[in-house]
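# Fold and contact review
Here is what each chain is made of, one letter per residue.
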Amino acid sequence: GLGYSFGYNQVEGDEHVLSSNELIDLLIDIVSKNGNLLINVGPTPAGEIPEIQVSRLRALGEWLDVNGEAIFDTRPWERAEGKTFAGLDIRFTRKGEAVYAILLAKPESSNIVIESLALPNGASVRLLGHDGPLDASTADGNLSVTLPELPEAHAYTLKIGS
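What counts and what doesn't
Residues numbered from 1 in each chain as written. Predicted model: local features only at pLDDT ≥ 70, side-chain atom pairs only at ≥ 80, totals over all residues. Heavy atoms only, no water. Salt bridge = Lys/Arg side-chain N within 4 Å of Asp/Glu carboxyl O. Buried < 20%, exposed > 50% of the residue type's maximum accessible area, 1.4 Å probe, protein only. Pairing = 2+ DSSP bridges. Helix = DSSP H or I, 4+ residues; strand = E, 2+ residues; numbered from the N terminus. Axes fitted to C-alpha atoms, helices over the stretch in contact; angles between N-to-C directions. Contact = heavy atoms within 4.5 Å. Phe/Tyr/Trp six-rings, centres within 6.5 Å; stacked < 30°, edge-to-face > 60°.

### Focus: the pattern of salt bridges
Pairs can form between side chains of opposite charge whenever their charged atoms are close. With the rule as written, the count across this model stands at seven salt bridges. Between Lys 83 and Asp 89 there is a salt bridge; the shortest N-O distance is 2.4 Å. On the accessibility criterion, Asp 89 (31% relative accessible area) is partly exposed. Connected via shared salt-bridge partners are Asp 29, Lys 33, Glu 81 and Arg 91.

### Quick notes on the sheet that holds strand E3 (residues 98-103)
Across the sheet, eight strands lie side by side as E1-E2-E3-E8-E5-E6-E7-E4; this open sheet has antiparallel pairing. Whereas interior strands pair on both sides, the edge strands pair on one side only; in this sheet they are strand E1 (75-83) and strand E4 (111-114). For this sheet, the mean inter-axis angle between neighbouring strands, taken without regard to orientation, is 25°. Taken together, the six bridges between strand E2 (residues 89-95) and E3 define a ladder with antiparallel strand orientation. Residue pairing across strands places Arg 91 opposite Ile 102, the latter belonging to E3. Helix H1 (residues 20-32) rests against E1, E2 and E3 of the sheet, and its axis sits at about 55° to E2.

### Things to note about the packing of aromatic side chains
Centre distance and the angle of the planes are the two values used to describe a pair of aromatic rings. Inspection of the entire model under this criterion finds one aromatic pair. Here the aromatic rings of Trp 77 and Phe 92 are separated by 5.0 Å at their centres, their planes lie at 50°, and the arrangement is tilted. Placement of Trp 77 in strand E1 and of Phe 92 in strand E2 is noted, with a sequence separation of 15 residues between them. By the burial criterion, Trp 77 is buried, and Phe 92 matches it.

### Side note on unusual backbone geometry
A negative phi angle characterises most non-glycine residues, just as the trans form characterises most peptide bonds. One non-glycine residue, Asp 73, lies in the positive phi region at around 60°. Along the chain, Asp 73 turns up in the loop between helix H2 (51-67) and E1. One non-glycine residue, Ser 116, lies in the positive phi region at around 55°. Along the chain, Ser 116 falls in the loop between E4 and strand E5 (124-127).

Now the structure itself:
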């Protein structure tokens, strides 16, 4: 449920409902582990979904507009989780030959290194929602990527493949 009540609760406030970021993280984490997310909303007696829940669903939809390629019709990759050298959490999915590395927060630096991930021969790295390939290389079995200036978002997706 988006809220703790699993139904309509007229006194439900922000402290009782998943934040937009928590909802996005939950979806990413579940999909990376081969799961499906069933979201429960609690409509009012008049059949309307409370605005506090609508706002969370809209935020999730806006994130999916840019990053949905890394969620829809994907499969788990060799591992579900990873980290950058700076300790930023990452979740992985795959579709065909492409691997998606989803950064669960905005990196503090434009240069990130993803632990234990090599760039396959002939592959490029792209940031979903951004035009063109990014500068990327592999050293000692770790993927180094230079990111462009990132827009405000909760999670960012790198597509690794040809």
